[in-house]
Each structure stands twice: as C-alpha cells, then as structure tokens.
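Structural characterization, general
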Amino acid sequence: MTLALIDPIDPVEEPACRPASARRPSELLSRDGAHDVVVPIPDGFPLDFGGTLNQKQIVGRLHGKAGAPLIVVAGGISADRYVHRTETKGLGWWSGAVGVRAPIDLTRFRVLAFDFAPDFGPDAKDAKPPLTITTQDQARLLALLLDHLGVDKVAAFIGCSYGGMIALAFGELFPDWAEQLVVVSAAHRPHPLATAWRGIQRRILQLGLETGRVDQAVGLARELAMTTYRTPDEFGERFDSEAPSHAGQAYPVCDYLQARGRAYRDRTTPSRWLSLSDSIDRHRVEPEAITAPVTLIGFTTDRLCPIDDMRELAARLPNLWRFEQHPSLYGHDAFLKEDVLVAEILTSVLKDIDQ
C-alpha cells in the first residue's frame, strides 16, 4: 500500500533560505518501509526561463533502511519515484541496481527517488502547453523535498541520463548538500546531434497534437527515440535483413519499434514529453562550480551522450574522483542493461559511506 505522507514540520520555505543548521530530521526518515512523501510547492515558485510553476506538490518516495545514510537516485525522463520493486507497481525502473543486497543496498541505505515536474495530474491526458523547465529547476524542487525531510547531508546523489544532468545542476546550486555525485551517461551540456534527434521527436509530438492523433504521435516519437538509445551493433545482432513479401509491410525491426511505441503511450503525455525533452536540451552547468567529489560513468558507444563530452566534463571538474569508461552493446541504455558492470562500480563507490 502506498502512503502519501506530509510530515507536520515547519512550513515549506525556499531551501536556500534555510541554513543547514536549522533543519531537523523528519520522522519520515525513521519510518520503516517504502512510502511516499508529498511536499507542497510554494505559490509563485519561479522558473529559470521566466514564469512560475503552477504544480501544487512535489512527490518523492523513500525506500530502504530507516535512519540510514540517504542516497538520492534519479533516472531518465521516463523514470519516476518507483526505483525499486513495489507490490502495486511491480519492478521499479532500476531494480537491477536498487534492492536488498543490491549495489544500492536497501539494508544499508535510505533511498529517495522523486517524480520530475511537470507532474501527472488528474487531467494528465488533456493537451497542455509544455512547461519550460531546466535541470536547475528540478534540482530546486528536489531541494524542497530534502529540506522538508530535514536532510543536512545527502550521502550520494546517483543520477543517470537526465537524472545525471539534475545531479550536476544540484551540485552546482547546492555545493555542500551532497557528499558525492555519481553521474552516469550525462554531461554538462547536450550534444547538438542528440538535440537534433530530440527536436524531430518534439515535432512529431506537436504534429500529433495539431491533428488529434496523439497516441500515434507518442508511439512514433518513441520509436525514433529507441533507435538512439541503442547501438548499430545491437540492432544488427537482433534483427536480420529479410524483406517482407510486399512493399509497405513492416520489417522485423519495425515490428519491434512499433511494439515499444505502443507500450509507451501510457507512460507519458505529449505535453510532458515536450517539457522534459526540451529540458534536456536547455541543460547547461559550469563544471568548475561543482566542488563535491564526482564519479563519472560513461560508455564509449553512447550516441546520445558521447564519451568525448564526458571527457571534457571530467577535465573541467575540480574534484573528479574517478572516471569509468566502458564499451557496451547497449549504448545509452547501458546503465539499465549492464547489471554486472554497473554493480561493480556502484559497490566500489559506495563502500566507504559511514553507517
């Protein structure tokens, strides 16, 4: 059962206005079991590119050992607060890394995951104008959660893909809040070719909104996205080149992509996808401003976050702890597929956190 809990502590304030010494740990951190944490967003919450956020609340979910060191985990734009297996939701989006006796061990750590803005409201199926939001905005929303929980120090912020961008933005805005950052398949800026691919996806979504063919647009945009997540070698191994009997019929690889597109329709709405896709392409941080120790994990076959961009980030970080570079058949999706490799790295990175 999911419990949506609001802790009776001080009214929510902008996190930067409250010094760490004024925070007191919430009782939510000492409660066993996984549970949601719902925090009101102050009226008039300003956004980097102007305007305010009308969303009423930010929702996080605590997993793992009560009172243990807190690790924040964030993933790609399809990720949510269900990072670990639950009775109602099944497997979480990163159950291969987060679990009992897993690399991010729920018998050793308290894990916080959260839903990115814009949220899914009761009218999420309605078409809305996309929200212009940055990774810094997402980091400040996370800060509301941490401030509400009374967290003085985050033992580690582990971010993958879009979540890695948020981790970098968090480290830039709040240099003393996280003991370390672990950034997987993300850099300090997006690559222009990746922006071009996402731009085509956004135009497909916009065309679907304009023509009333929303489901088809979401599916087709997802199909295109899937071709950028993996490598040519992986597609080559999985699909042969045998032609169908007639022109216009789908090839095996097309059947696969269409199935993935159909499966994604209930995962998002066009306006939310437009917002988060655009947020990736607005992402910019100054690596020199990130003073926390950083571990980078990159994959040399990743086309969305090229390894050269991560190498530039590594060269500019003032406190780089380690930089893991590995090939993978799975490209950008490697952090979701290379369980053994990722487990070895995370176990090593987290082994010295004091209990």
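In every chain, residue numbers begin from 1 and rise along the written sequence. Residue-level local features of this predicted model are given only where pLDDT is at least 70; pairs of side-chain atoms are given and counted only at 80 or more, and the full residue set underlies all totals for whole chains, interfaces and linings. To get the side-chain values, all heavy atoms of the structure are used, and hydrogens and water are removed first.

We now examine the overall build of the chain. Helix and strand assignments come from DSSP, with helices taken as H or I runs of at least 4 residues and strands as E runs of at least 2, each series counted from the N terminus. The number of helices and strands found in the chain is 10 helices and 13 strands. In summary, the chain has a C-alpha radius of gyration of 20 Å against a globular reference of 20 Å for 355 residues, a match within 12%. Dimensions of the chain along its principal axes, counting C-alpha atoms only, are 70 × 40 × 40 Å. Note on exposure labels: buried denotes an accessible area under 20% of the residue type's maximum, exposed denotes more than 50%, and partly exposed covers the range between, all computed with a 1.4 Å probe on protein chains only. A buried classification covers 55% of the 355 residues belonging to the chain. The long-range fraction of contacts in the chain, counting pairs at least 24 apart against all pairs at least 6 apart in sequence, stands at 76%. Here, Shrake-Rupley sampling with a 1.4 Å probe gives the accessible areas, and only protein chains in the shown set may cover a residue. Carbon and sulfur atoms provide 52% of the accessible area of the chain, an area that totals close to 15600 Å². Atoms counted for the radius of gyration: C-alpha only. Globule rule: 2.2 Å times residue count to the power 0.38. The contact rule is simple, with two residues in contact once any of their heavy atoms fall within 4.5 Å.

Turning to the domain arrangement of the chain, a few remarks are in order. For the purposes of this description, domain bounds are those given by an automatic or database domain assignment. If you check the domain split of the chain, you get domain 1 (28-189 + 286-350) and domain 2 (192-278). The C-alpha-based centres of domain 1 and domain 2 are spaced at 25 Å. With 30 residues of domain 1 in contact, the opposing surface of domain 2 contributes 28 residues. When domain 1 packs against domain 2, close to 2400 Å² is buried across both sides, 54% of that on carbon and sulfur atoms. What gets called buried area is simply the loss in accessible area from a 1.4 Å probe that two parts show on being joined, summed for both. For the domain 1 face of the interface with domain 2, the top three residues by lost area are Arg303, Leu304 and Leu329, together amounting to 29%.

Nonpolar core, defined: a set of buried Ala, Val, Leu, Ile, Met, Phe, Trp, Tyr and Cys residues in which side-chain atoms within 4.5 Å join the residues together. One finds Phe114, Leu141, Leu146, Phe157 and Phe170 to be the most contacted residues of the largest nonpolar core, which totals 76 residues. Of the residues forming this core, the biggest block, 8 residues, is contributed by helix H1 (residues 135-149). When residues of this core are assigned to domains, at least three map to each of domain 1 (28-189 + 286-350) and domain 2 (192-278). Leave out the neighbours within four places in its chain, and Phe157 touches Val72, Ala74, Leu142, Gly163, Ile166, Ala167, Phe170, Gln180, Leu181 and Val182. Grouped together as the second largest cluster of nonpolar side chains are 28 residues, Trp94, Phe335, Val342 and Ile353 included.

What follows covers the pairing of strand S9 (residues 110-114). Most of S9 is tucked away, with 5 of its 5 residues classed as buried. Across the two faces of S9 the burial is the same, with Arg110, Leu112 and Phe114 and Val111 and Ala113 all buried. Think of it this way: DSSP has to see at least two bridges between two strands before they count as a pair. Relative to S9, strand S5 (residues 57-64) runs antiparallel, the two being bridged by 5 bridges. Paired with Gly60 across the strands is Phe114, a residue of S9. By the bridge criterion, 3 bridges tie strand S6 (residues 70-74) to S9 in an arrangement that is parallel. Bridge pairing in S9 links Leu70 to Arg110.

What follows concerns the environment of Ala225. By the secondary structure assignment, Ala225 is in helix H4 (residues 214-229). Along the chain, Ala225 and Gly44 lie 181 residues apart, while their C-alpha atoms are 34 Å from each other. Filtering out sequence-adjacent residues up to four positions away, Ala225 remains in contact with Gln201 and Trp273.

This next bit is on the pattern of salt bridges. Think of a salt bridge as a Lys or Arg side-chain nitrogen and an Asp or Glu carboxyl oxygen that are within 4 Å of each other. A full pass over the atoms with the stated rule returns 19 salt bridges. As a salt-bridge pair, Arg230 and Asp333 come within 2.8 Å of each other at their nearest N and O atoms. Of this pair, Arg230 sits in the loop between H4 and helix H5 (232-238) while Asp333 sits in the loop between strand S13 (320-326) and helix H9 (334-337), and the two are 103 residues apart along the sequence. When sorted by exposure, Arg230 lands in the same class as Asp333, which is buried. Put simply, Lys351 and Asp352 hold a salt bridge, and the shortest N to O gap is 3.2 Å. Judged by its relative accessible area of 58%, Asp352 falls in the exposed class. Salt bridges sharing common partners tie together Arg189, Glu286, Glu288, Asp309, Glu312 and Arg316.

For H1, built from 15 residues, the straight-helix expectation of 21 Å at 1.5 Å per residue is met to within 8% by its first-to-last C-alpha distance of 21 Å. With 15 of 15 residues buried, H1 is to be regarded as a mostly interior element. The span expected for a helix works out to 1.5 Å for each residue beyond the first.

What follows deals with the side chain of His283. Along the chain, the position of His283 falls in the loop between helix H7 (270-282) and strand S12 (294-299). His283 sits in the buried class, given a relative accessible area of 0%. Setting aside chain neighbours within four positions, we find His283 in contact with Thr135, Met165, Leu168, Ala187, His188, Arg189 and Pro190.

With that out of the way, let us pick up the UniProt feature "active site" (unreviewed entry) in the chain. UniProt positions are given in the numbering used here, feature names are shortened, and annotations may be inferred rather than shown by experiment. According to UniProt, the positions carrying the feature "active site" (unreviewed entry) are Ser161, Asp302 and His332. Spanning 172 residues, the annotated positions come together in the fold, the maximum distance between their C-alpha atoms being 10.9 Å. Exposure remark for Asp302: the relative accessible area of 4% places this residue in the buried category. Among residues more than four places away in sequence, those in contact with Asp302 are Ser185, Ile307, Gly331 and His332. Looking at Asp302, its side chain comes within polar contact range of the main-chain nitrogen of Leu304, at 2.9 Å. Mapped onto the elements of the fold, His332 is located in the loop between S13 and H9. A 3.5 Å cut-off defines polar contacts: any pair of N or O atoms within that distance qualifies, except that in protein one atom must be a possible hydrogen donor and the other a possible acceptor, and neighbouring residues in sequence count only when both atoms are side-chain atoms.

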